[in-house]
Amino acid sequence: MKMLKYIILALLVIAALLLAVYAYYGGFSEIQFRKVTRDAETLVYEEMKGDYSQCGPVMDRVYYSLLNDYKVQTYKGFGLYYDNPKEVAKENLRSDIGCLLEKTDTAKIASIAQKFKVKTYEGGDFIETQFPNKGMVSVLVGVMRVYPALDAYMKESGYVSKDAIMEIYDKPNKTITYRVRISSSPAK
């Protein structure tokens, strides 16, 4: 009987630790969507085909090349995710992975474009939310929590989008912004 108490106590401690970790990485953070208008942004990136979980090394490669080869300091990484992993096989998932170029560095676009793809991501109306970014676990928790909430919000609000979903990883502010362009206003 004493052994059973120790096992139950150990399980409770493990459960409490797991809940604390989940909470730390954003597991209980409130998710609120809002309609915003954003200006165009300059993206420096590589196209990727395959499992979205492999995007980290691509983003790091772009970031460190910009920093070391072009002396360009970026503060925001991004992923543009074109396909729904529930509908497309992992090996066929398409994404653009890289960094948002600060306006002060746009004079270097011509030289950067010799190594990376560069494009202007058009501004417009978006639905977005922010999620805490305290590390890789936050990215995973964010995917589990934000995407289902975004789907529900879009359906409830009557918004339509056929565009890629953008995730922006803002290092200084320790946030992940989830953004989707809306192509129609909510039905009245």
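Scroll up to find the structure.
Residues numbered from 1 in each chain as written. Predicted model: local features only at pLDDT ≥ 70, side-chain atom pairs only at ≥ 80, totals over all residues. Heavy atoms only, no water.

Turning our eyes to something else, we now look at the overall build of the protein. Along the protein, the regular secondary structure elements total four helices and eight strands. Put simply, the protein runs from its N terminus to its C terminus through helices and strands in the order α-β-β-α-β-β-α-β-β-α-β-β. Considering only C-alpha atoms, the protein reaches an extent of 75 × 50 × 35 Å along its principal axes. By residue count, 38% of the 188 residues in the protein fall in the buried class. Here the contacts in the protein between residues at least 6 apart in sequence split such that 74% fall between residues at least 24 apart. With the model as given, the accessible surface of the protein reaches about 11,300 Å², and the carbon-plus-sulfur share is 58%. Within the protein, the 22 negative side-chain charges are centred at a point lying 5 Å from the centre of the 26 positive side-chain charges. (Helix = DSSP H or I, 4+ residues; strand = E, 2+ residues; numbered from the N terminus. Buried < 20%, exposed > 50% of the residue type's maximum accessible area, 1.4 Å probe, protein only. Contact = heavy atoms within 4.5 Å. Areas by Shrake-Rupley, 256 points an atom, 1.4 Å probe, with all protein chains shown as cover. Lys, Arg positive; Asp, Glu negative; His and termini not counted. Charge placed at Lys NZ, Arg CZ, Asp CG, Glu CD.)

Once that is clear, we can look at the nonpolar core. Core analysis: the biggest nonpolar cluster contains 25 residues, and Y81, I97, I127, L150 and M154 have the highest contact counts within it. Broken down by element, the residue count for this core peaks at six residues, all from helix α4 (residues 136-157). Ranked by size, the runner-up nonpolar core spans 11 residues in total, among them V36, L43, A164 and I168. (Core = buried A, V, L, I, M, F, W, Y, C linked by side-chain atoms within 4.5 Å.)

Here we come to the environment of I165. With respect to the secondary-structure elements, I165 resides in strand β7 (residues 165-170). Classification of I165 by relative accessible area gives buried; the value is 16%. Linking I165 and T177, residues 12 residues apart in sequence, is a C-alpha distance of 10 Å. Ignoring any residue separated from it by four or fewer positions in sequence, one finds I165 in contact with G79, L80, Y81, Y147, L150, R179 and V180.

Another point: the sheet that holds β7. If you walk across this open sheet you meet the eight strands as β1-β6-β8-β7-β3-β4-β2-β5, and the pairing is antiparallel. The strands lining the two open edges of the sheet, one partner per strand, are β1 (34-38) and β5 (117-121). With direction set aside, neighbouring strand axes in the sheet form an average angle of 35 degrees. With six bridges connecting them, β7 and strand β8 (residues 175-181) associate as antiparallel partners. Within β8, the position partnered with M166 by the bridge is R179. The strands touched by helix α2 (residues 55-70) within the sheet are β2 (41-49), β3 (76-81), β4 (94-101) and β7, with β4 carrying the most contacts at an inclination of about 30 degrees. Sheet strands touched by α4: β3, β6 (124-132), β7 and β8. Its angle to β6, the strand with the most contacts, is close to 140 degrees. (Pairing = 2+ DSSP bridges. Axes fitted to C-alpha atoms, helices over the stretch in contact; angles between N-to-C directions.)

It is worth spelling out the environment of Y45 at this point. Of note, Y45 is situated in strand β2. By relative accessible area, which is 7% here, Y45 ends up buried. Leaving out residues up to four positions away in the same chain, Y45 has contacts with F78, D96, I97, G98, F116, K117, V118 and K119.

As enumerated under the stated definition, the model contains 10 salt bridges in all. Salt-bridge contacts for E41 lead to R179; the nearest nitrogen and oxygen are separated by 2.9 Å. Of the two residues, E41 sits in strand β2 while R179 sits in strand β8, which places them 138 residues apart along the sequence. Residue classification places E41 among the buried residues on the basis of a relative accessible area of 18%. Taking the shortest distance from any N to any O, the salt bridge between D96 and K119 comes out at 3.0 Å. Of this pair, D96 sits in strand β4 while K119 sits in strand β5; the two residues are 23 residues apart in sequence, bridging distant segments of the chain. For K119, a relative accessible area of 25% translates into the label partly exposed. In this structure, a network of salt bridges that share partners links the residues R34, R38, E41, E128 and R179. (Salt bridge = Lys/Arg side-chain N within 4 Å of Asp/Glu carboxyl O.)

The next thing to look at is the side chain of T177. Structurally, T177 can be placed in strand β8. With relative accessibility at 7%, the residue T177 sits in the buried group. Within polar-contact distance, the side chain of T177 engages the side chain of Q130 at 3.3 Å. In contact with T177, other than residues within four places in its own chain, are E128, T129, Q130, M166, E167 and I168. (Polar contact = N/O pair within 3.5 Å; in protein donor to acceptor, adjacent residues only side chain to side chain.)

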